[in-house]
Amino acid sequence: MSAEAVSLPEFDRSPSFGGDDHRGGGGGGRHPGAVARCGPELVAPEGVEAQTCVLTRDGEAWARVYYRNATGEELRSVLTLMGPGGRTVELYCEPAAHDEPGICETPRLPSSGAPRSATAVAEFMGAGPVDEAPLLLRAGSERASAAKN
């Protein structure tokens, strides 16, 4: 797996998003006024690209992963939002086997902690039995402990 930066320009990451993330993470007008904390854009040699973000607004938090599956194969993906007090939400996504960008997003949840206390991780696995499927890419949001409040 490579930690090489890539760009997923097809996503709307305009300044009107309302986020303060200096790495350009955001997500367009879907959630105006939300603040996004995103990890780096990553690409795996197998052809999976992803960037994972935690979004917060009005006492709610949710996770979003921007991805592109250029492997030519159906993949499995799990998006996990981890909040304070050990609260965790997992969402299973099915990235289609085409080179088009996609988004997977968890439901919004009440955020009982500080605005920057949640983190998210997206994992992309190959096809096959769950116990044997190779992990192709793991992309995380900005770490909560590294965030500035």
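Residues numbered from 1 in each chain as written. Predicted model: local features only at pLDDT ≥ 70, side-chain atom pairs only at ≥ 80, totals over all residues. Heavy atoms only, no water.

Caption draft 1: Main features of the overall build of the protein. Secondary structure assignment for the protein yields zero helices and 10 strands. Start at the N end of the protein and walk to the C end: the helices and strands fall as β-β-β-β-β-β-β-β-β-β. In the protein, 59% of the contacts between residues at least 6 apart in sequence involve partners at least 24 apart. With the model as given, the accessible surface of the protein reaches about 7,400 Å², and the carbon-plus-sulfur share is 52%. (Helix = DSSP H or I, 4+ residues; strand = E, 2+ residues; numbered from the N terminus. Contact = heavy atoms within 4.5 Å. Areas by Shrake-Rupley, 256 points an atom, 1.4 Å probe, with all protein chains shown as cover.)

Caption draft 2: Spotlight on the environment of Ala 96. Examined against the element boundaries, Ala 96 turns out to sit in the loop between strand E6 (88-93) and strand E7 (101-105). When its relative accessible area of 28% is taken as the criterion, Ala 96 is described as partly exposed. Taking the C-alpha atoms as reference, Ala 96 lies 9.2 Å from Arg 76; in sequence the two are 20 residues apart. Not counting residues up to four positions away in its chain, the partners in contact with Ala 96 are Asn 69 and Glu 74. (Buried < 20%, exposed > 50% of the residue type's maximum accessible area, 1.4 Å probe, protein only.)

Caption draft 3: Representation of the nonpolar core within the structure. By size, the foremost hydrophobic cluster in this structure holds 20 residues, and its most contacted members are Ala 50, Val 65, Leu 79, Phe 124 and Leu 137. Broken down by secondary-structure element, the contributors of at least two residues to this core are strand E3 (48-57), strand E4 (60-69), strand E5 (76-82), strand E9 (119-125) and strand E10 (135-140). Membership of the second largest hydrophobic core comes to seven residues, among which are Ala 34, Ala 36, Cys 38 and Cys 53. (Core = buried A, V, L, I, M, F, W, Y, C linked by side-chain atoms within 4.5 Å.)

Caption draft 4: Representation of the sheet that holds E5 within the structure. Sheet architecture is open: four strands sit in the order E6-E5-E9-E10, paired in antiparallel fashion. With partners counted over all chains shown, the strands left at the sheet margins are E6 and E10, one partner each. Within the sheet, the average angular offset between the axes of one strand and its neighbour, ignoring direction, is 15 degrees. Pairing analysis gives seven bridges linking E5 to E9, with the strands arranged antiparallel. Residue pairing for E9: Arg 76 is matched across the bridge by Met 125. (Pairing = 2+ DSSP bridges. Axes fitted to C-alpha atoms, helices over the stretch in contact; angles between N-to-C directions.)

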